[in-house]
Amino acid sequence: MNLTSKAPEGPLAEKWDKHKFNVKLVNPANKRKYDVIVVGTGLAGASAAASLAELGYNVKAFTYHDSPRRAHSIAAQGGVNAAKNYQNDGDSVFRLFYDTIKGGDYRAREANVYRLAQVSVNIIDQCVAQGVPFAREYGGLLANRSFGGAQVSRTFYARGQTGQQLLLGAYSALSRQVAYGKVKLYTRSELLDIVVVDGQARGIVTRNLITGETQTHAAHAVVLATGGYGNVFYLSTNAKYCNVTAAWRAHKKGAYFANPCFTQIHPTCIPVSGDYQSKLTLMSESLRNDGRVWVPKTVEMAERVRKGEIKPQDIQEDDRDYFLERKYPAFGNLVPRDVASRNAKMMCDEGRGVGSSGLAVYLDFADVIKRTSAEAVSQKYGNLFEMYEKITDENPYQMPMRIYPAVHYTMGGLWVDYNLQTTIPGLYAAGECNFSDHGANRLGASALMQGLADGYFVIPYTIGDYLAQTAPKPVTTDHPAFAEAKAGVQARVEQMLAIKGNKTPDEFHKELGHIMWEYCGMARNAEGLKHAKAEIQRIRKEFWQNVKVVGSGEEMNQALEKAGRVADFLELGELMVDDALNRNESCGGHFREEYQTPEGEALRDDDHYAYVAAWEYTADNQPEVLHKEELVFENVKLTQRSYK
């Protein structure tokens, strides 16, 4: 089966405007007759719920937090991209489109990416109107800085707290609609299944995380904005609550899962310090604007650093290897994340890594402090420097930061068409939950851009096209499909509680994460992936025989929550391995060691793999079926990526 994107015909720059004109509309009087469920209240979910309610729809918004303000979007630091060209440095909508397509190693859909670049300019105006305190130049104009994969400055930022400030803006818009009664907010509610009636999404099943009560909710359409699945690796920069359950439940009800092996490794994370850690901390990519990445030139000198015999400040310039500047002079330290991450790993594999583990490189601010001042650096990055010092007990004003790559973002997700609709009619996916805009690697500061673009400017148009073709009669939970889905959720809960094994969900999760990182992480090969598949199958089997879930289902039970999420991660992990095995090429974050250029760069195979891999669930313990959406490039030329 060849999937169709439903992208409109015509010139690239006219597609979105043409599509907005051609979609069917719901008149204002009828909008109040339609109910829409939005699951997730991060940037994509909060902006979608607020916008749909503003249009007149009745919205039910669900979050497993006690407040939408706790969504993981709040953790984003560096900024949000927009093609405003305030710096007059050559930026444009087409350049942002091109940088995004190239940064994703030519594995994204042209029409979606161009639309993202188009609406990016509106995002900034929307957020400024909401009071988001973006940084400003001395004259009052909004400031911009550079980010990886671009040679222009297009990233708007609020110091190192951009995600937090943007989320507060979206939260204020959402709260306004809650106060008006147009949004009913359900907190501490976790989605555990999708309800499909006559082939269309008509509701969800949730579990109240305080009381344990299983509830059903009906609507004319459902929007999932539940983030990514990076925690399949156990250690990641994601909040511990981040999981794949909502998307995976949708997948098992018929929504195809696209490009699951495309995961992003972020190059500037605080290195792992011990087995006791349950998550990792990101240092913003914005730091690569002024920080210089380097390692000692020789293994011998690196060994002396690791033993504490010399400090990094003692190493002379001639004995330092600024490897990104050396290998990629055009972009230097601002190469895309996948390129920077692989090169950091390469340095450490050569034995030139620093820190006690040898799994770190330096990010040094001595030059910019000397050129400007510590105070000037503090104005741009002060909270990031404070965070680093609190975690490591090292002062980054006086000595270089130690950084190492870590799992950060997932480009894969539910397959969606141009309307952001999954293969289940009436079920939409927005933000990191879908696969649509980033290809095989996401450029920095583009996650916030996509989440807000989907929520504020895409879903409000495209969901109307579907609802206009749906009768505005009330949808209730009386249909047998709701009772069936609820019974399935309760049966799964009871099954987990009945096992009474010896290993906690966290133990299984940590074991899975180790396998995923070792064999399906920064580098993969066929032998390792086959080994990983066998190991994951072994762990899955053991999980359902030996997991220990204490307590009951009729109470707050975090062990039960974790068990359900880990069970889904185990199934997802196997699909990620299958997807990586199927893609016999290297592209972006998917680096197969068998397929690389003599210089060690990713080597694509455009003749055989220029497609979106969309996987269809069949049955438990049965192979999934691969469907392909062929990618057609009419506006960019497929070339080997070069940042030199």
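Residues numbered from 1 in each chain as written. Predicted model: local features only at pLDDT ≥ 70, side-chain atom pairs only at ≥ 80, totals over all residues. Heavy atoms only, no water.

- An unreviewed UniProt entry annotates the protein as Fumarate reductase/succinate dehydrogenase flavoprotein subunit of Hymenobacter ginsengisoli.

**Description of empty space enclosed by the protein**
Phase 1: Overall, the coordinates contain 5 cavities of 30 Å³ or more when judged by the stated rule.
Phase 2: Computed from the structure, the largest cavity encloses a volume of approximately 70 Å³.
Phase 3: Around the largest cavity sit Thr 263, Gln 264, Ile 265, Asp 338, Ser 341, Arg 342, Met 411, Ala 440, Asn 441, Met 522, Gly 588 and Gly 589, which together line it.
Phase 4: If you list the elements that add at least two residues to the lining of the largest cavity, you get strand E11 (263-269) and helix H10 (337-349).
Phase 5: Taken together, the residues that form the lining of the largest cavity break down as 4 nonpolar, 6 polar and 2 charged. (1 Å grid on protein atoms, 1.4 Å probe; cavity = no way out; pocket = protein on both sides within 12 Å on 5 of 7 lines; lining within 4 Å. Points joined across faces, edges and corners; volume = space filled by probe spheres on them. Helix = DSSP H or I, 4+ residues; strand = E, 2+ residues; numbered from the N terminus. Nonpolar A, V, L, I, M, F, W, Y, C, P; charged D, E, K, R; others polar.)

**Quick notes on the side chain of Ser 47**
Phase 1: One can find Ser 47 in helix H3 (residues 43-55).
Phase 2: When its relative accessible area of 0% is taken as the criterion, Ser 47 is described as buried.
Phase 3: Contacts of Ser 47, omitting those with residues within four sequence positions, involve Gly 42, Ala 170, Gly 451, Leu 452, Gly 455 and Tyr 456. (Buried < 20%, exposed > 50% of the residue type's maximum accessible area, 1.4 Å probe, protein only. Contact = heavy atoms within 4.5 Å.)

**Description of the sheet that holds strand E15 (residues 401-410)**
Phase 1: An order of E11-E15-E14-E12-E13 is seen for the 5 strands of this open sheet, with the pairing classed as antiparallel. A strand with exactly one partner marks an edge of an open sheet, and here the two such strands are E11 and strand E13 (320-321). (Pairing = 2+ DSSP bridges.)

**Quick notes on the pairing of strand E8 (residues 214-218)**
Phase 1: Counted residue by residue, E8 has 4 buried out of 5 residues, so it is predominantly covered.
Phase 2: Where strand E7 (residues 200-208) meets E8, 5 bridges bridge the pair, whose relative direction is antiparallel. Looking at the pairing, Val 205 lines up with Thr 216 of E8.
Phase 3: Between E7 and E8, which follow one another and run antiparallel, lie 5 residues, and Gly 212 among them has a positive phi close to 85°.

**Side note on the packing of aromatic side chains**
Here a ring pair, both rings aromatic, is described through the centre-centre distance and the interplanar angle of the planes.
Phase 1: Within the structure shown, the criterion is met by 23 aromatic pairs.
Phase 2: Seen from their ring centres, Tyr 609 and Tyr 611 are 5.9 Å apart, and the 40° between their planes marks the pair as tilted.
Phase 3: On the basis of relative accessible area, Tyr 609 is assigned to the buried category, the value being 11%.
Phase 4: Among the aromatic side chains, those forming a connected cluster through ring pairs are Phe 365, Tyr 381, Phe 385 and Tyr 397.
Phase 5: Above the plane of the ring of Tyr 322 lies Arg 292, whose end atom (NZ or CZ) is 3.8 Å from the centre.
Phase 6: In this structure, Arg 565 packs its charged tip against the face of Tyr 241, placed 4.7 Å from the ring centre. (Phe/Tyr/Trp six-rings, centres within 6.5 Å; stacked < 30°, edge-to-face > 60°. Lys NZ or Arg CZ within 6 Å of the ring centre and 35° of its normal.)

**Concerning the layout of surface pockets**
Phase 1: Its boundaries defined by the atoms lining it, the second largest pocket holds a volume of some 800 Å³.
Phase 2: Looking at the lining of the second largest pocket residue by residue, the classes come out as 17 nonpolar, 8 polar and 7 charged.
Phase 3: The residues that make up the lining of the second largest pocket include at least three from each of domain 1 (266-407) and domain 2 (481-617). (Domains from an automatic or database assignment.)

**Concerning the side chain of Ser 586**
Phase 1: Tracing the backbone through its elements, the reader meets Ser 586 in the loop between helix H17 (558-582) and helix H18 (606-609).
Phase 2: Side-chain polar atoms of Ser 586 contact the backbone oxygen of Tyr 595, separated by 2.6 Å.
Phase 3: Apart from the residues within four sequence positions on either side, Ser 586 is in contact with Asp 105, Phe 591, Arg 592, Tyr 595, Ala 602, Leu 603 and Arg 604. (Polar contact = N/O pair within 3.5 Å; in protein donor to acceptor, adjacent residues only side chain to side chain.)

**Let's talk about helix H1 (residues 15-22)**
Phase 1: Residues Lys 15, Trp 16 and His 19 constitute the buried set of H1. Within H1, the buried residues cover an arc of 90° as seen down the axis, which keeps them to one side.
Phase 2: Lining the buried residues of H1 we find helix H5 (110-129) and helix H13 (447-467). (Arc of directions from axis to C-beta.)

**As for H5**
Phase 1: Its 20 residues place the ends of H5 30 Å apart at the C-alpha level, agreeing with the 28 Å of an ideal helix rising 1.5 Å per residue.
Phase 2: Here H5 lies mainly inside the structure; 14 of its 20 residues are buried.
Phase 3: Of the residues trailing H5, Gly 131 is marked for its positive phi of about 95°. (Expected span 1.5 Å × (residues − 1).)

**Quick look at the domain arrangement of the protein**
Phase 1: We note that the domain assignment places domain 1 (266-407) and domain 2 (481-617) within the protein.
Phase 2: The gap between the C-alpha centroids of domain 1 and domain 2 is 31 Å.
Phase 3: Facing the 11 residues of domain 1 at the interface are 8 residues of domain 2.
Phase 4: Summed over both partners, the interface of domain 1 with domain 2 buries about 800 Å², with 59% contributed by carbon and sulfur atoms. (Buried area = accessible area lost by both parts, 1.4 Å probe.)

**Re the environment of Gln 161**
Phase 1: Its place among the elements puts Gln 161 in the loop between strand E4 (155-156) and helix H6 (162-180).
Phase 2: Note on Gln 161: relative accessible area 29%, which makes it partly exposed.
Phase 3: On a C-alpha basis, the gap between Gln 161 and Gly 553 in space is 38 Å, while along the polypeptide they are 392 residues apart.
Phase 4: Among residues more than four places away in sequence, those in contact with Gln 161 are Ala 76, Gln 77 and Asn 383.

**Describing the sheet that holds E7**
Phase 1: Strand order in the open sheet formed by 3 strands is E6-E7-E8, with antiparallel pairing between adjacent strands. The open sheet has two free edges, formed respectively by strand E6 (189-197) and E8, since each of these has just one partner strand. Neighbour-to-neighbour, the strand axes of the sheet open up by a mean angle of 25°, direction not taken into account.
Phase 2: Where E6 lies against E7, 8 bridges are found, and the strand directions are antiparallel. Residue pairing in the sheet places Ile 194 in a bridge with Ile 204 of E7.
Phase 3: Of the strands in this sheet, E6, E7 and E8 touch helix H14 (residues 480-499), which is tilted by about 140° from E6. (Axes fitted to C-alpha atoms, helices over the stretch in contact; angles between N-to-C directions.)

**Examining the pattern of salt bridges**
Phase 1: Evaluated as defined, the whole model comprises 49 salt bridges.
Phase 2: Two residues, Glu 325 and Arg 292, come together in a salt bridge whose shortest N-O distance is 2.8 Å. Here Glu 325, found in helix H9 (residues 323-327), pairs with Arg 292, found in strand E12 (residues 292-296); they are 33 residues apart in sequence, far enough to count as distant.
Phase 3: A salt bridge links Arg 641 to Asp 338; the nearest nitrogen and oxygen atoms lie 2.4 Å apart. Taken together, the residues Arg 641 in the segment after strand E19 (625-630) and Asp 338 in helix H10 connect sequence positions 303 residues apart.
Phase 4: When its relative accessible area of 5% is taken as the criterion, Asp 338 is described as buried.
Phase 5: Several salt bridges share partner residues, and in doing so they unite Asp 105, Arg 107, Asp 338, Arg 342, Arg 583, Glu 585, Arg 604, Asp 606 and Arg 641 into one network. (Salt bridge = Lys/Arg side-chain N within 4 Å of Asp/Glu carboxyl O.)

**A short note on the packing of H1 against H5**
Phase 1: It is at 9 Å that the axes of H1 and H5 come closest, and there the two elements cross at 90°. Classified by the interaxial angle, the pair formed by H1 and H5 is roughly perpendicular. Residues Lys 15, Trp 16 and Asp 17 of H1 form the contact with H5, whose participating residues are Ala 111, Arg 115, Gln 118 and Val 119.
Phase 2: Looking at side-chain class alone, the contact of H1 with H5 contains 3 nonpolar, 1 polar and 3 charged residues. (Parallel < 35°, antiparallel > 145°, perpendicular 65-115°, else oblique.)

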